[in-house]
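# Coordinate analysis (summary)
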Amino acid sequence: MQAKYFPLTTILHANYKTDCSWAWKGLQKKLPFIKANSRWRVGSGTKIKIWLDVWILGMTEPPTPRQDAVHSENYIWVLELIIQEDNQWNSILVQQLFDPETASLILQMRLPTTTEDKLICNPTRNGIFSLKSRYINSSCPFCNQHMEETMHVLFTCPFSRAVWMIIPGGSGILAGVHSNIATVFESWMNAVRQKSRSESWLKLAMTVSWSIWNEKCEVQFQKKKANPVEVARKAMSFASYLDGLYKKQRDRVVARLPKTNTLHWKPHVSPFYVINCDASYDKNTKLTGIALVLRDFAGNWWGCSIKCYAGVKVSEHAECLAFSEAVKWSKALQHTHVVLETDLQ
């Protein structure tokens, strides 16, 4: 996201955009609120803009240059006010750029040796820094009665519950007890793996979840009037469409397979897991996509991972990236017996 929307600056200094993703629109909407209720704690000074950010202890607004300051516009980052060799404020420059009172406040601030700049919340009335206290008005766009949390938006909000009750089997989903969205999706995947739920059911459940979230974005950003019946109808229609596409593709693949009893892939012996990794490279756009699939010694599917890269020079580099991501994934999963497989000759 940084590479696309604010490659040369920080998120708080990014320019406002209209032609962007829902995720970035949501972040843009919150930025003025974050700026109004936060301040910077000076570390290295590389992320803090002198004249745009709140960073001086004892001040609640960005500073302004003194009236007789010369070329103050040439100084952008707080880093430029620090003598790097001594890790001290450049007192002469500070006194040239700021009025005596502001300069005094700056020179009284202690500079840490290795700490990065950090954005922190302004204190509440009792003097305690609290992120929760700042977001108390961030309510669900459907009901305006609860904080906008993922579990609430997708499952416990009256609107989302109305959608699920229309969906076949939706009441069973609402009956599940989960603490976060990750455990919900994990339980759905396990149900399919254990054959207690079908793949069609999984597609429908995931499509409904996406449809509710998409409706939330349209209500929030386009002021659309939400209708649970319409959301449920569209979700079921789209899930059915996906099922049809999958069936056609599966039938086409089966028709092309040679009539042979040869098993093309064999799982390794216990306790080894296998990560099949591959990369797709476009020499014209320099774009690369990699995909990883994890299976155990019994041939059971345990997960997958995908990633995209830009600026890859050659296809060999793309394949190396796939191997690198496979190694990182296996370490993150804490598997000690892993075999990496590819289709390279």
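Scroll up to find the structure this text is about.
About the thresholds
- Every residue gets a number counted from 1 within its own chain, in the order that chain's sequence is written.
- Totals for whole chains, interfaces and linings use all residues, but because this is a predicted model, local features are given only for residues with pLDDT of at least 70 and pairs of side-chain atoms are given and counted only at 80 or more.
- Each side-chain value is derived from all of the structure's non-hydrogen atoms; neither hydrogens nor water enter the calculation.
- Between any two strands, at least two bridges found by DSSP are needed for them to pair.
- We count a stretch as a helix when DSSP gives it H or I for four or more residues in a row; a strand needs E for two or more, and each element gets its number in order from the N terminus.
- Fitted lines through C-alpha atoms serve as axes, helices being fitted only where they are in contact, and the angles separating the N-to-C directions of these axes extend from 0 to 180 degrees.
- Only buried residues count toward a nonpolar core, which is a set of Ala, Val, Leu, Ile, Met, Phe, Trp, Tyr and Cys residues joined through side-chain atoms within 4.5 Å.
- For every residue, the accessible area obtained with a 1.4 Å probe (protein chains only) is divided by the maximum for its type, and the residue is called buried under 20%, exposed over 50%, and partly exposed between those limits.
- In this analysis, two residues are considered to be in contact whenever any of their non-hydrogen atoms come within 4.5 Å of each other.
- Each pair of aromatic rings taken from Phe, Tyr and Trp, with Trp reduced to its six-membered ring, is defined by centres within 6.5 Å and is described as stacked if the planes are under 30 degrees apart, edge-to-face if over 60, and tilted in the remaining cases.
- Candidate patch residues must exceed 30% relative accessible area and have no salt bridge, after which like charges are joined if within 9 Å and Val, Leu, Ile, Met, Phe, Trp or Tyr side chains if within 5 Å.
- For the accessible areas, the method is Shrake-Rupley and the probe is 1.4 Å, while residue cover comes only from the protein chains on display.
- For this document, the term salt bridge refers to a Lys or Arg side-chain nitrogen within 4 Å of an Asp or Glu carboxyl oxygen.

### Overview of the sheet that holds strand β7 (residues 301-310)
Pairing is mixed across the open sheet formed by 4 strands, whose spatial order is β7-β6-β5-β8. The open sheet terminates on both sides in strands that have one partner only, identified here as β7 and β8 (338-341). Along the sheet, successive strands turn relative to each other by an average axial angle of 20°, direction set aside. For strand β5 (residues 273-282) and strand β6 (residues 287-295), the ladder comprises 9 bridges, and the chain directions are antiparallel. Bridge pairing in β6 links C277 to L292.

### Here we look at the pairing of β5
In this sheet, β8 lies alongside β5 in parallel orientation, the contact comprising 4 bridges. What sits directly across from N276, in β8, is E341.

### So, the nonpolar core
Counting 27 residues, the largest nonpolar core has F142, W164, W188, V208 and I212 as its most contacted members. Among the elements of the structure, α6 (150-156), α7 (158-166), α8 (170-175), α9 (181-193), α10 (199-222) and α11 (228-256) are those that each provide at least two residues to this core. No other element matches the 7 residues that α10 contributes to this core. With residues near it in sequence (within four places) discarded, W164 still touches L154, F155, G170, S171, I173, L174, W188, A205, V208, S209 and I212. Membership of the second largest hydrophobic core comes to 22 residues, among which are W40, L81, A103 and M109.

### Considering the side chain of E215
Tracing the backbone through its elements, the reader meets E215 in helix α10. Note on E215: relative accessible area 6%, which makes it buried. Among residues more than four places away in sequence, those in contact with E215 are F142, F159, K224, K225, A226, N227 and V231.

### Concerning unusual backbone geometry
Going from S270 to P271, the amide bond is cis rather than trans, its omega being 10°. Along the chain, P271 falls in the loop between α11 and β5. Despite not being glycine, H71 has its phi angle at roughly 55°, a positive value. With a phi close to 70°, K195 is a non-glycine residue in the positive phi region. Take K195: it is sitting in the loop between α9 and α10. According to the relative accessible area criterion, K195 is exposed, its value standing at 73%.

### Here we look at the packing of aromatic side chains
The final tally for this structure, using the stated rule, is 10 aromatic pairs. Aromatic side chains F142 and F159 sit 4.1 Å apart centroid to centroid with 25° between the ring planes, which places their arrangement in the stacked category. Taken together, the positions of F142 in the loop between α5 (131-134) and α6 and F159 in helix α7 put the pair 17 residues apart, joining distant regions of the chain. Looking at F142, the relative accessible area reads 16%, which means it is buried. According to the relative accessible area criterion, F159 is buried, its value standing at 11%. Judged by centre distance (6.2 Å) and plane angle (65°), the ring pair of W164 and W188 falls under edge-to-face. Remark: W188 occurs in helix α9 and W164 occurs in helix α7; sequence separation between them is 24 residues. With a relative accessible area of 0%, W164 lands in the buried category. Overall, W188 belongs to the buried group, its relative accessible area being 5%.

### Re a nonpolar patch on the surface
Together, W210, F238, Y241 and L245 give the surface a local cluster of nonpolar side chains, amounting to about 450 Å² of exposed area. The leading source of residues in the nonpolar patch is α11, at 3 residues. With respect to the helices and strands, the residue Y241 is situated in helix α11.

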